[in-house]
Amino acid sequence: MKTITTIFILCLSIFSILGFTNFAKSTIPISKTILGKKLFFEKILSKDSTLNCASCHNPKFAFADTVAFSIGVGGKLGNRNAPSVLNMKNRPYYFYDGRAASLEEQALMPIANPLEMNLAVADAVDRLNKNKEYLNLFYKVFKQKPTAQNLSAALAAYEETLETVNSKYDDWANDKIKLSPAEERGKTLFTGDKAKCFDCHFGPDFTGDEFKNIGLFNSTFITDSGRYDKTKSIADIGKFKVPGLRNVAVTAPYMHNGIFKTLEEVLHYYNNPNGIFIHPQNIDPALQKPLGLTKREQTDIISFLKTLTDKKYKKNA
Ligand code: HEC
Ligand code: HEC
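Residues numbered from 1 in each chain as written. Chains lettered and ligands numbered in written order. Predicted model: local features only at pLDDT ≥ 70, side-chain atom pairs only at ≥ 80, totals over all residues.

1. Remarks on the overall build of the protein
Right, so step 1: A tally of helices and strands in the protein yields 14 helices and two strands.
Right, so step 2: Counting across all 317 residues of the protein, residues that qualify as buried make up 37%.
Right, so step 3: Pairs at least 24 residues apart make up 65% of the contacts formed inside the protein by residues separated by at least 6 positions. (Helix = DSSP H or I, 4+ residues; strand = E, 2+ residues; numbered from the N terminus. Buried ≥ 20, exposed ≤ 12 C-beta atoms within 10 Å, placed from the backbone. Contact = placed C-beta atoms within 7 Å.)

The following block contains the structure:
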């Protein structure tokens, strides 16, 4: 009897220690955003549990990838360049062709995409329900078990926190500093009639959120038809969502197909789009004639683009 009592007391103390650790853990406040962050880095959301959202949207590179096309589950090669997911909060639609209308709608698509995480959303939700930790966290945040809806809500809530507004450009805009002469010249060119960048890259995140054709479709060897995929309207062939340019210095390679490795190559292209790709179709009127930018003017624009890098990424730029 005595030994039984001792064992009982021993068990009790072990449980209370365990209970205490659990209690200590649970004092960290859990929110939709924190849960979303955990899910963003969660590999069980991919078929073979090898990939998470950050595999292609790497925080080190301003939440973009460093290759033209990312590798999905089973080594499958994607068909578009993974863009940065910073400063997504105010976008009216997502993806290069704008096929998702909200971050919530967008968030489930890479999970199911056969070229990305390749896991049916129902299976992803099932895995979360079978995982005690997630079950507990979802109840804490949503007062219900994991569902497709609250999974996407949590991911979107985290993504909404990924705003970057602490760059040299912001310091200049807030009258805290002056730009260097080269950056100043680049800014004047960027917003002026000669380079025309501001025609499409305007607003706080340097995108007007429109779909435009900069000549990267010619139906022979560059064949992603962009916005047309969604609308099936001939006028949209070769149009892509204008990307924001914050942190662009750390998100190489560039364009929907990662065709340009450096900003120098991007500027060289813009200077004369028709000079590089033969017969681009449906190119925007702003880019039909060569811009006639000198080498120094191109370098100045790049100096300006580098002021858009958030200070936390400065070391990578
Ligand atoms: C295997 C690589 C890969 C993985 C994994 C991945 N993505 Fe992406 N992501 C991409 C690519 C490629 C695109 C662009 C596709 C397009 O435009 O058609 C993209 C686009 C996006 C966009 C839209 C960006 C914009 O500018 O409109 C968001 C937001 C996003 N992904 C979030 C996520 C989330 C959340 C996850 C995890 C649930 C995730 N991604 C997992 C490759 C990936
Ligand atoms: C007619 C509209 C338009 C004009 C003018 C324009 N852009 Fe763009 N820009 C776009 C579109 C659309 C894309 C995406 C194209 C794609 O992915 O195929 C883009 C992409 C880019 C990218 C690549 C971003 C990334 O993350 O891959 C950079 C850098 C860029 N533009 C800089 C500039 C600069 C600098 C100028 C001025 C010399 C300029 N743009 C003028 C519409 C425009």
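Picking up where we left off.
2. Notes on the environment of Arg-80
Right, so step 1: Mapped onto the fold, Arg-80 is located in the loop between helix 3 (53–56) and helix 4 (103–112).
Right, so step 2: For Arg-80, a count of 19 C-beta atoms within 10 Å puts it in the partly exposed group.
Right, so step 3: Arg-80 sits 144 residues away from Asp-224 along the chain, and the two C-alpha atoms are 8.8 Å apart.

3. Section: the site of ligand 2
Right, so step 1: Near ligand 2 you find 27 residues, and of these Cys-197, Cys-200, Tyr-254, His-256 and Asp-284 are the closest.
Right, so step 2: Those elements that place two or more of their residues in the shell around ligand 2 are helix 10 (197–200) and helix 12 (263–271).
Right, so step 3: Split into classes, the residues belonging to the shell around ligand 2 amount to 20 nonpolar, three polar and four charged. (Near = placed C-beta within 6 Å. Nonpolar A, V, L, I, M, F, W, Y, C, P; charged D, E, K, R; others polar.)

4. Quick look at the confidence of the model for the protein
Right, so step 1: Of all residues in the protein, 90% attain a pLDDT of 70 or more, and the chain-wide mean is 92.
Right, so step 2: Under a pLDDT of 50 for its full length, residues 7–25 has, in the predicted model, zero contacts with residues more than four places off or in other chains. (pLDDT = per-residue confidence, 0-100.)

5. Quick notes on the site of ligand 1
Right, so step 1: Taken together, 25 residues sit near ligand 1, with Cys-53, Cys-56, Phe-95, Tyr-96 and Pro-110 positioned nearest.
Right, so step 2: Elements supplying a minimum of two residues to the shell around ligand 1: helix 3, helix 4 and helix 7 (148–160).
Right, so step 3: Among the elements that take part in the shell around ligand 1, helix 4 stands out by supplying four residues, more than any other.
Right, so step 4: In terms of residue class, the shell around ligand 1 is built from 15 nonpolar, six polar and four charged.

6. Points about the nonpolar core
Right, so step 1: Core analysis: the biggest nonpolar cluster contains 34 residues, and Ala-62, Phe-190, Ile-301, Leu-305 and Leu-308 have the highest contact counts within it.
Right, so step 2: Elements represented by at least two residues in this core include exactly helix 9 (181–191), helix 12 and helix 14 (295–306).
Right, so step 3: Residue contributions to this core peak at four residues, all from helix 12.
Right, so step 4: Here Phe-190 is in contact with Ala-195, Cys-197, Phe-198, Ile-301 and Phe-304, once residues within four sequence places are set aside.
Right, so step 5: In terms of nonpolar packing, the next biggest core, distinct from the first, is built from 24 residues, Leu-51, Ala-124, Leu-137 and Leu-155 among them. (Core = buried A, V, L, I, M, F, W, Y, C linked by C-beta atoms within 7 Å.)

7. Some words on unusual backbone geometry
Right, so step 1: The linkage connecting Ala-252 with the following residue, Pro-253, adopts the cis geometry, with an omega of -5°.
Right, so step 2: Note on placement: Pro-253 falls in the loop between strand 2 (240–241) and helix 12.
Right, so step 3: At Asp-175, a residue that is not glycine, the phi angle is positive and equals roughly 60°.
Right, so step 4: With respect to the helices, strands and loops of the structure, Asp-175 is situated in the loop between helix 8 (168–173) and helix 9.
Right, so step 5: A tally of 7 C-beta atoms within 10 Å means that Asp-175 is categorised as exposed.
Right, so step 6: The backbone of Phe-206 shows a phi angle near 65°, a positive value even though the residue is not glycine.
Right, so step 7: Along the chain, Phe-206 turns up in the loop between helix 10 and strand 1 (211–212).
Right, so step 8: Note on Phe-206: 21 C-beta atoms within 10 Å, which makes it buried.

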